[in-house]
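Fold and contact review
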Amino acid sequence: MNRYIIYLPSHSHEPLPIGKINHRAAANQTILQLDGGKEQTFYSVAAAMRSVQRQYPSAFLEDAA
């Protein structure tokens, strides 16, 4: 399983974590969990990030490993 943290950039502080993505390649399943929200299921990390970037256009992710 691959794990990623979703961040919003900040000009004055460290980036702000706003959620996480867990990707299970064997099951072709990606779980998106934004802080304070319900889990959402997608078929890829890219699809999950497109969903996030509709609300937060500057959001980015980093490997949590």
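Structure: see above.
Report follows, based on the coordinates. (Residues numbered from 1 in each chain as written. Predicted model: local features only at pLDDT ≥ 70, side-chain atom pairs only at ≥ 80, totals over all residues. Heavy atoms only, no water.)

A count of helices and strands for the chain gives 1 helix and 5 strands. What you see in the chain, going N to C, is helices and strands ordered as β-β-β-β-α-β. Relative to the globule expectation of 11 Å for 65 residues, the C-alpha radius of gyration of the chain, 12 Å, shows essentially globular dimensions. Among the 65 residues that make up the chain, the fraction classed as buried is 34%. Sequence separation of at least 24 residues holds for 31% of the intrachain contacts in the chain that already meet a minimum separation of 6. Carbon and sulfur atoms form 50% of the exposed surface of the chain, whose accessible area is close to 4600 Å². (Helix = DSSP H or I, 4+ residues; strand = E, 2+ residues; numbered from the N terminus. Rg over C-alpha atoms; globule rule 2.2 N^0.38 Å. Buried < 20%, exposed > 50% of the residue type's maximum accessible area, 1.4 Å probe, protein only. Contact = heavy atoms within 4.5 Å. Areas by Shrake-Rupley, 256 points an atom, 1.4 Å probe, with all protein chains shown as cover.)

Moving on to the packing of aromatic side chains. Taken as a whole and judged by the stated rule, the model has 1 aromatic pair. Centroid distance Tyr7 to Phe60: 5.7 Å. Interplanar angle 25°. Geometry classified as stacked. With Tyr7 in strand S1 (residues 2-8) and Phe60 in strand S5 (residues 60-63), this pair connects stretches of sequence that are 53 residues apart. (Phe/Tyr/Trp six-rings, centres within 6.5 Å; stacked < 30°, edge-to-face > 60°.)

An order of S4-S3-S2-S1-S5 is seen for the 5 strands of this open sheet, with the pairing classed as antiparallel. Pairing within the sheet leaves two strands with one partner each, and these edge strands are strand S4 (40-42) and S5. On average, adjacent strands in this sheet sit at an angle of 30° to one another, irrespective of strand direction. Relative to strand S3 (residues 29-34), helix H1 (residues 45-55) is tilted by about 25°, and along the sheet it contacts S1, strand S2 (16-24), S3, S4 and S5. (Pairing = 2+ DSSP bridges. Axes fitted to C-alpha atoms, helices over the stretch in contact; angles between N-to-C directions.)

This part covers the environment of Pro15. For Pro15, the position within the fold is in the loop between S1 and S2. Here the alpha-carbon distance between Pro15 and Glu62, two residues 47 residues apart in the chain, equals 11 Å. For Pro15, the contacting residues outside a window of four places in its chain are Tyr7, Leu8, Ser10 and Phe60.

Let us look at unusual backbone geometry. In the Ramachandran plot, Asn28 falls in the positive-phi region, its phi being about 50° despite a non-glycine side chain. Within the fold, Asn28 resides in the loop between S2 and S3.

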